[in-house]
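# Summary of structural features
Okay, here's what each chain looks like letter by letter:
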Amino acid sequence: MPTPNNTVTLMINGKTHGQWTNYDIVSDLLTPADDFSVTLGRPVDAVPTAVKEGDKVEVRVGGDTVLSGRIDRVHTTTEKGNKTLTIQGRDDAGILLDCSAPLFNAQDMDLNQIIEKIVKPLGLSKIRIDAAKTNKTHKVQIEPGSRAWDALTQYAEANGVWPWMEPDGTLVVGGPDYTTAPVAELVLRVSGDNNNIKSLEVERNMAARYSEVTGLGQSHTGKHNIKATVKDESLKLSRPLIVTEPDVDSQAEAERKAKKRLADSRLEGLTITAVVQGHRTDDGTLWQPGQRINVLSEPDGIDAVYFLMARTFVGGRGQGTETVLTLKEDGAWVLDADPPKKKQGAGKKDGKKTAHKPSENRKANGQTPVKPKKRRQAKKPKQELQVI
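Scope of this entry: the structure provided in the associated data block. (Residues numbered from 1 in each chain as written. Predicted model: local features only at pLDDT ≥ 70, side-chain atom pairs only at ≥ 80, totals over all residues. Heavy atoms only, no water.)

### Observations concerning the overall build of the protein
So the rule is basically this: By the criteria applied, helices consist of DSSP H or I runs no shorter than four residues and strands consist of E runs no shorter than two, each listed in order from the N terminus. Whether a residue is buried, partly exposed or exposed follows from its accessible area with a 1.4 Å probe, protein chains only, as a fraction of its type maximum: under 20%, in between, or over 50%, in that order. Whether two residues are in contact is decided by their heavy atoms: any pair within 4.5 Å suffices. Using a 1.4 Å probe, the Shrake-Rupley method yields the accessible areas, and only the shown protein chains count as cover for residues.
Looking only at helices and strands, one finds 5 helices and 22 strands in the protein. Each of the 388 residues in the protein was classed as buried or not, and the buried ones make up 49%. Taking the contacts inside the protein whose residues are at least 6 apart along the sequence as the reference set, 68% of them involve residues at least 24 apart. Summed over its atoms, the accessible surface of the protein is roughly 19,000 Å², and 49% of this surface lies on carbon and sulfur atoms.

Here it is as structure tokens:
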């Protein structure tokens, strides 16, 4: 199998820039606007690079685009005969995060109105609705001065979906597809056989967990005494939370909001951080949030499928390339998006097919295949909706 190309370059104004001293490229489904930072050491008398803040940029790993956006900051430091150039930027969600929605009076808006009146005027034109339920939406009230991203997330939280940016600059409103096949297997055995994890951290956190969430609210139309309770049957301790919602139009909306808060609390309960070599899976697919990954760690007693929530590419000239993977419980995030059915063989967020078998990948790389065995799936959240 050919050596994967993990070279990081920036395409700016039609020119390719590379050979970075250091770089890190972050993509996180929970954090708006993926970002990058690259550093280059140069002789003090070198001609300044024609790179300016605000320039459009494509960040590439090998021939694959991993981020499309603009440069936020260009910084130079000169000392002891050397000059250091640092370039930082974010994807096209940056303008939605920074700038206000162009509204001058409060308006009740659905997704199409938010896209037409807020998103598109700020320069985003590639938009994909990736959830079947978004045609049955509840409007949200957008106030003057609201940031564009806040308007999007306000809609998303009310309707059980979430916005993110694809590497090619497409704004997606939808949710994860938990039916796709895992793209790879991460292995950490005590014996060291076929290990491909450099380090693994497992954090279990009770502080953010709740056994039940009760939402209390009233609608702006005057309907009172709206109340809904959602329970997490997997948490045996009694840890209740009561939340007052200022504007809830219906019982169904109260249930969705309570369910969202409970899902968020469960998501905080487990975080697995793995560091692996390179920026790709065994078959050459770039690591990308939204993928599902098999994890086997004998020291931690883990053998299940997890959801890749975030990844960071790290490296530089003369250094090894690494990827930091942040994994969460599979099936615990954005429970109501109901992604539309995809054609057989369709891939995940990076658009590549994901029907991978770890043992076959190892065989192609000359490694000893792992003996197939029945894999235990991570438990899906058991949540009972109860209207009181």
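### Some thoughts on the pattern of salt bridges
To be explicit about the condition: Criterion for a salt bridge: a side-chain nitrogen of Lys or Arg within 4 Å of a carboxyl oxygen of Asp or Glu.
As enumerated under the stated definition, the model contains 16 salt bridges in all. Put simply, D232 and R266 hold a salt bridge, and the shortest N to O gap is 3.1 Å. Here the residue D232 occupies a position in strand 16 (residues 226-232), and R266 occupies one in helix 4 (residues 251-268), the gap between them amounting to 34 residues. Each member of the pair D232 and R266 is classed as buried. Across the salt bridge formed by E253 and K257, the nearest N and O atoms sit 3.8 Å from each other. Placement of both E253 and K257 in helix 4 is noted, with a separation of 4 residues, approximately one turn of the helix. Looking at E253, the relative accessible area reads 3%, which means it is buried. It is possible to trace a salt-bridge network through shared partners that takes in R209, D232, R266 and E329.

### A few points about the pairing of strand 18 (residues 270-277)
Using the following cut-off: A pair of strands counts as paired when DSSP detects no fewer than two bridges linking them.
Among the 8 residues in strand 18, 7 count as buried, and that is most of the element. Alignment of strand 14 (residues 199-204) against strand 18, held across 6 bridges, turns out to be antiparallel. Residue pairing for strand 18: V202 is matched across the bridge by I272. The pairing of strand 18 with strand 21 (residues 322-329) spans 6 bridges and is antiparallel. Across the sheet, V275 pairs through a bridge with V324, a residue of strand 21.

### As for the pairing of strand 3 (residues 22-28)
Residues Y23, I25 and S27 of strand 3 are buried on one face, while the alternating residues N22, D24, V26 and D28, pointing to the opposite face, are not. Of the pairings in the sheet, the one linking strand 3 to strand 20 (residues 302-315) comprises 6 bridges and is antiparallel in character. Across the sheet, the residue bridging to S27 is R311, located in strand 20.

### Some details on the environment of M11
Within the element layout of this structure, M11 appears in strand 1 (residues 8-12). C-alpha of M11 to C-alpha of E58: the two residues are 47 residues apart in sequence and 5.1 Å apart in space. Leaving out residues up to four positions away in the same chain, M11 has contacts with T16, K56, V57, E58 and R60.

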